[in-house]
Structure formats: C-alpha cells, structure tokens
Amino acid sequence: MILMYLTKEEERMLDGEEGYAAKKSMEILVALGDIYGAEKLISVGSVQVAGVSYHNLGDAGLEFLNELARDGKVKVLTTLNPAGMDLEDWKKLGISEEFAEKQNLVIDAFRKMGIIISCTCTPYLIGSLPTYGEHIAWSESSAVTFANSVIGAKTNREGGPSALAAAFVGETPSYGLHLEENRVPDAHVDVRTNLKKLSDWGALGYCIGKKVGNKIPYITGVKDAGLDELKSFCASVVTYGSKPLFFMKGITPGSEKHQLPKEKIIIKDRDIKEAYESINDDVDAIDFVCIGCPHCSIKEVAEVARLLKNRRVSSKTEFWVATSRLVKQLADKRGYTEIIENAGGKFACDTCMAVAPLKGRFRSVATTSAKGCYYSRHNDMKTKLGSLEECIEAAVRGKWS
Amino acid sequence: MELKGRIISKGVAEGEALTTSQPISFYGGVDPDTGVVIEKGHELEGKKVKDKMLVFPNGKGSTVGSYTLYRMKKNDTAPAGIINEECETVVAVGAIISEIPCIDKIDISKIETGDIVRLEDDTVRIRK
C-alpha cells in the first residue's frame, strides 16, 4: 500500500511505463516518502550525485549504474561528486591501470545518463548554484550543509541511489529539511573565541558537531566569515555530528527570523585547542600534504601558489591541490598551476583525499581540513591539521615541526 | 505466529532467522565478499548473514551501505530477507535496488535466532 499521493504521471513511472530506471527510481522515492511520512513528491531544481569513486562502488555498484544507464536520463541539472582519480592525468597520482579502467566505466555510465561530469564536491562553485528556498536533492554532506545553511536552499542528505532517483524523476519526497517546520534551530551555540586561520573553522565544526549531536545549531558570536571559511566549516560540522543545517547570526540567510534556542552551548578557546589535540596525532614526518577538502576555490589555489613560489616540495612528500577541473583551468590561465607544479606540487582534479584509493600509500598527512583528517584516519594515516602556511612548510620540509 | 508490517521492498523470502537487538551498518560493518559481520564488538560479529532472514532494529552509518547490500546480492552473500523495527534510508534503498524483500514495523523481540521465518509482502510467519 502506498501512503503518499501520486499523480497519474508518477503512477505511470512506478508501473514501469517509462522504463526500468524511472520505475526503480519511483520505488526508491515512494519507499522513502512513506517511511518519513511525505504527503507527495516535489520538483527539484538540481541534483548532486555522490558515490562516484570506484573505490566505494566496486563491481556491483558499477553494474547497478550500468543497469540504470540503459534507459535512465536525468530530468534536471545533475552534477557529480569527486571520482577516485584525476580523470585526465591519473598516472601522476599513482593510480593503477586496473583502477583507472574501472573508474572510467563508472564515469561512462554517468555520462550516458546525461549527468554533467563535474566531479567536484563544490557544485556551487562551478555553476550549480541553487537559489534561496529552492528545493534540490543533493548528496555529499558538505555541499548539502552549504546549500541548506549558506544559500538557504532545501535538501535532505541524500545517498547516491536516492539522488539518482531524484534526477531520473525530477522530484523528491517532501519530508525532513524540505519542510519549514523541520528547519528550526534547537541548540544555541555561542562562539567566544577568535577564529584566526582556515583550519580553526574546521576545528570549530568539530566542536559544534560533537556537542550538538543530531540538532540544528544557531550560532552566535562569529563576526565575519568568507566563502572558504564557511565551506570548511560546513564540511567539518556535518562530518563530526550535526544535521546538515545551521544558522549563523548575521551571516547566513534566515537567521534573523528564528528565536534563540534555550539550550545553550559555549565554545571557548579551550574547546578549539582540545579539537586540535584530538584531531592531531603524535607524528612528525609528513609524507602527504593535501589542500582542498572541500575542493579549493580559486582564491585558495592563489594562496597556495603565493606560498609555494620559488620553493620546492620535499622529495619525501607528495603534495596535492585538490580542486575541480574548472577552477584548475582558471589557475592555468593565471599561472598558478605553473608555479605549483614547478615547486613539485600536483593538481588532483576530479578527485580528493576522501575518495581516492589511498590506503597503504602514505603514513601521515598534513591538511587544512578537519574533514580530511577524519577520512585519512580511515585510510590508516596519522593526521595533522593546521593553517595553509603550516601545511606548505610541512610539504617543503617533509616534517611538521 | 503471524505478524503484519509495512512493506519496504516487496517480495517473498524464507529462511532461518538471525536476530540482533543492535543496529547494523552495512558499509564497513559487513564484508560484502563473505557476508560476515565484521563490526568490532557487534552481537553478530563473525556471523554470516548469507541466506538468513536478518532481523535487526534499524540500519546505521554511511549511505554507501546501500551499495554494500547491492554488492552482497551480486556476490551471493546477501540475506534472503530483512526484517526491521524501523527501517531507515540506507537499508530501505539498499533493499529496493538489490530486490531483497524487506519489511518494518515488526516487533522483532518475537523472532529468535534459529526460528524459521517466511516473509510474504506485509506478513511475517514464524515457526519456532
């Protein structure tokens, strides 16, 4: 029995009259809608699909995508999360021939579906920019948090298959963060510490994520925040705990219309210090440095180029700048790419430190990203979180101190 | 005994029950090549879920878990059916794309490991 209201058109899809992919998609959307008590499906303006790296999909995932690609065509603007490698120059990143072959098959399936092969976790930087209040269906938790909080669009945290389903139908069930009543903050977080460097925002995300758990934080005390700071904070706060939505007084849209929640949490200097202590491992030799989790903006790439100019990355260290291909093209034109590559650094386009097959390749990583540290530990690396300056120093010297 | 629930993924399945009171994370918690539960300290650690009627309260963990269930189905290591108290998105999507019959809103305390369980759409039949 289906509880949710379906239009004639939606029923036709569910009955398989528009093919296999539309039918499977409707089954997924209807099941989710019924589980969460959605009344109906609503149109979405764009979709971001995660689950792209062959490392996570395996052969079965590839087979699933191929089955959908037989007759599945996306109905709305659909972009893709990072893959497991740089699609144009994977060899320089040490990716095996076998992996590259499988990864390319995954990409072929997505291409066949009509998806933009953007391979970035920052779709909002490369042309998929939702508007305030727009319903979208995005996966990739950092982008979901950015879209909900910084832009004020509305999306649940989709998984790979449910995002694909939304893309094939052009709709998503109306529940969770699509509904205004579920977007009310219920924990007041007062930040009483000065955030000085980019990594502090990751550390703040760690503190708030851990402390608020499954709540929506209303954050006060932050004086100003730029794009890169908010991008880093979004990635961290959702990785370490909270729902993919927060309000930041005076900075994010919609914060003015909500009351301060009663439950109050205070973040002090000591909390930030403790966040660093728990994210950082006791390690000095650094054999991997990665900047760009989430993917670097052009401003961040410019900073890396400025700091690396006329310097040389240690022969003991691999240095990656992870970004979208589009941002790299801007960097090429401005000469940043040449500076970074002349210094021995590598661009890792289309991929990132969280989804590339890195297990067993490096012992320790230095990064500006608290989220990057979380996933690097899954890859058995020791981690150091620090400022861009500290990370560049580590890359040049091959050690942290 | 007969229990009624809510269909998550329609179908018929029968087998021996493997029951736990703890949530299961398929991504990282179950080996898709062997179907063995590998989450450290889990009640079912070391147990094989292949061809079992897997009974657990709800899923947890990364959304990649949906693909893990699909990999298990293709590797022939998947459970025959899934019975939940309250199904969440990872397991629901995984069961649908893998065509593993799945039901929820069931009082799982009524089902013990070793019972023979038949799942048919919205009905669970239990033989002790």
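(A) How the structure looks around the overall build of chain A. A tally of regular secondary structure across chain A gives 14 helices and 14 strands. Taken over the C-alpha trace, chain A has a radius of gyration of 21 Å; the compact-globule value for 401 residues is 21 Å, and the two agree within 12%. Expressed along its principal axes, the backbone C-alpha trace of chain A runs to roughly 65 × 55 × 35 Å. Relative to its 401 residues, chain A shows a buried fraction of 63%. Long-range pairs, those at least 24 residues apart, make up 78% of the contacts in chain A with a sequence separation of at least 6. As displayed, chain A has an accessible area near 15,800 Å², and 48% of this comes from carbon and sulfur atoms.

(B) Main features of the nonpolar core. Of all hydrophobic cores here, the largest spans 69 residues; its most connected members are Val-47, Leu-65, Phe-110, Met-113 and Leu-164 of chain A. The residues that make up this core include at least three from each of domain 1 (8–180) and domain 3 (280–397) of chain A. Discounting residues that sit within four places of it in the chain, Leu-164 of chain A has contacts with Ser-25, Val-49, Leu-65, Leu-68, Phe-110, Met-113 and Ile-115 of chain A together with Tyr-67 of chain B.

(C) A look at the sheet that holds strand β6 (residues 187–192) of chain A. All names here are of chain A. Here four strands make up an open sheet; going across it, the order is β8-β7-β6-β9 and the pairing parallel. What marks the edges here is a single partner per strand, and that holds for β8 (247–248) and β9 (264–268). The sheet contact formed by strand β7 (residues 217–220) and β8 spans two bridges and is parallel. Looking at β8, one finds that Ile-219 is bridged to Met-248.

(D) Here's a closer look at the side chain of Ser-364 of chain A. All names here are of chain A. Residue position: Ser-364 is located in strand β13 (residues 364–367). Look at Ser-364 and you get buried, because its relative accessible area is 2%. For Ser-364, the contacting residues outside a window of four places in its chain are Val-283, Ala-285, Ile-286, Asp-287, Phe-288, Met-381 and Lys-382.

(E) Representation of the pairing of strand β3 (residues 12–19) of chain B. With five bridges connecting them, β3 of chain B and strand β7 (residues 116–120) of chain B associate as antiparallel partners. When the bridges of β7 of chain B are listed, Gly-15 of chain B appears paired with Val-117 of chain B.

(F) Layout of the sheet that holds strand β4 (residues 137–138) of chain A. All names here are of chain A. Read across the sheet, three strands follow the order β3-β2-β4 without closing on themselves; strand pairing throughout is parallel. Since the sheet does not close on itself, it has two edges, and those belong to β3 (77–80) and β4, each with one partner. The pairing of strand β2 (residues 46–49) with β3 spans four bridges and is parallel. Across the sheet, the residue bridging to Val-49 is Leu-80, located in β3.

(G) Main features of the domain arrangement of chain A. All names here are of chain A. Domains assigned within chain A are domain 1 (8–180), domain 2 (184–271) and domain 3 (280–397). Taking the mean C-alpha position of each, domain 1 and domain 2 sit 27 Å from one another. Together, Thr-145, Ser-149 and Val-150 form the three largest contributors to the area buried by domain 1 at its contact with domain 2, with a combined 33%. Our count for the contact surface shared by domain 1 and domain 2 stands at one salt bridge. For the pair domain 1 and domain 2, the interface holds two residue pairs in polar contact (both at pLDDT 80 or more). Class assignment of the residues belonging to the side of domain 1 that touches domain 2 gives a composition of eight nonpolar, seven polar and two charged.

(H) Spotlight on unusual backbone geometry. For the bond running from Cys-293 of chain A to Pro-294 of chain A, omega is 0°, close enough to zero to count as cis. Structurally, Pro-294 of chain A is set in strand β10 (residues 288–296). Unusually for a residue other than glycine, Cys-119 of chain A sits at a positive phi of about 45°. Considering the arrangement of structural elements, one finds Cys-119 of chain A in the loop between α4 (97–112) and β4. Of note, Asp-121 of chain B is a non-glycine position whose phi angle comes to about 50°, a positive value.

(I) Expanded view of the interface of chain A and chain B. Taken together, the contact between chain A and chain B spans 23 residues of the former and 18 residues of the latter. Both sides of the chain A and chain B interface together cover about 1,800 Å² of buried area, and 67% of this is carbon and sulfur. Between the two partners, chain A and chain B, sit three salt bridges. Here Lys-24 of chain A and Glu-99 of chain B are joined by a salt bridge, their closest N and O atoms 3.0 Å apart. Inspection of the chain A/chain B interface yields seven residue pairs in polar contact (both at pLDDT 80 or more). Those elements giving two or more residues to the side of chain A that touches chain B turn out to be α2 (20–35), α3 (54–71) and α6 (160–169) of chain A. No other element matches the nine residues that α3 of chain A contributes to the side of chain A that touches chain B. Among the residues forming the side of chain A that touches chain B, the class breakdown is 12 nonpolar, six polar and five charged.

(J) Structural detail: α3 of chain A. Over its 18 residues, α3 of chain A runs only 22 Å from end to end, short of the ideal 26 Å by more than 12%, given 1.5 Å per residue. Taking the largest bend as the criterion, α3 of chain A deviates by roughly 70°, centred on Ala-60 of chain A. In this fold, the buried residues of α3 of chain A make contact with α2, α4 and α6 of chain A together with α1 (65–74) and α2 (89–98) of chain B.

(K) Highlighting the confidence of the model for chain B. The predicted model of chain B averages 94 in pLDDT, with 100% of residues at 70 or higher. In the predicted assembly, ipTM is 0.77 and pTM is 0.92.

(L) The arrangement of the environment of Ser-128 of chain A in detail. All names here are of chain A. Note on placement: Ser-128 falls in the loop between α4 and β4. Given a relative accessible area of 2%, Ser-128 falls into the buried group. Residues Ser-128 and Thr-79, spaced 49 residues apart in sequence, show a C-alpha to C-alpha distance of 7.6 Å. Here Ser-128 is in contact with Ser-46, Leu-77, Thr-79, Pro-123 and Trp-138, once residues within four sequence places are set aside.

Conventions and cut-offs
Residues numbered from 1 in each chain as written. Chains lettered and ligands numbered in written order. Predicted model: local features only at pLDDT ≥ 70, side-chain atom pairs only at ≥ 80, totals over all residues. Heavy atoms only, no water. Helix = DSSP H or I, 4+ residues; strand = E, 2+ residues; numbered from the N terminus. Rg over C-alpha atoms; globule rule 2.2 N^0.38 Å. Buried < 20%, exposed > 50% of the residue type's maximum accessible area, 1.4 Å probe, protein only. Contact = heavy atoms within 4.5 Å. Areas by Shrake-Rupley, 256 points an atom, 1.4 Å probe, with all protein chains shown as cover. Core = buried A, V, L, I, M, F, W, Y, C linked by side-chain atoms within 4.5 Å. Domains from an automatic or database assignment. Pairing = 2+ DSSP bridges. Buried area = accessible area lost by both parts, 1.4 Å probe. Salt bridge = Lys/Arg side-chain N within 4 Å of Asp/Glu carboxyl O. Polar contact = N/O pair within 3.5 Å; in protein donor to acceptor, adjacent residues only side chain to side chain. Nonpolar A, V, L, I, M, F, W, Y, C, P; charged D, E, K, R; others polar. Expected span 1.5 Å × (residues − 1). Bend = angle between axes of the 7 residues up to and from the residue. pLDDT = per-residue confidence, 0-100.

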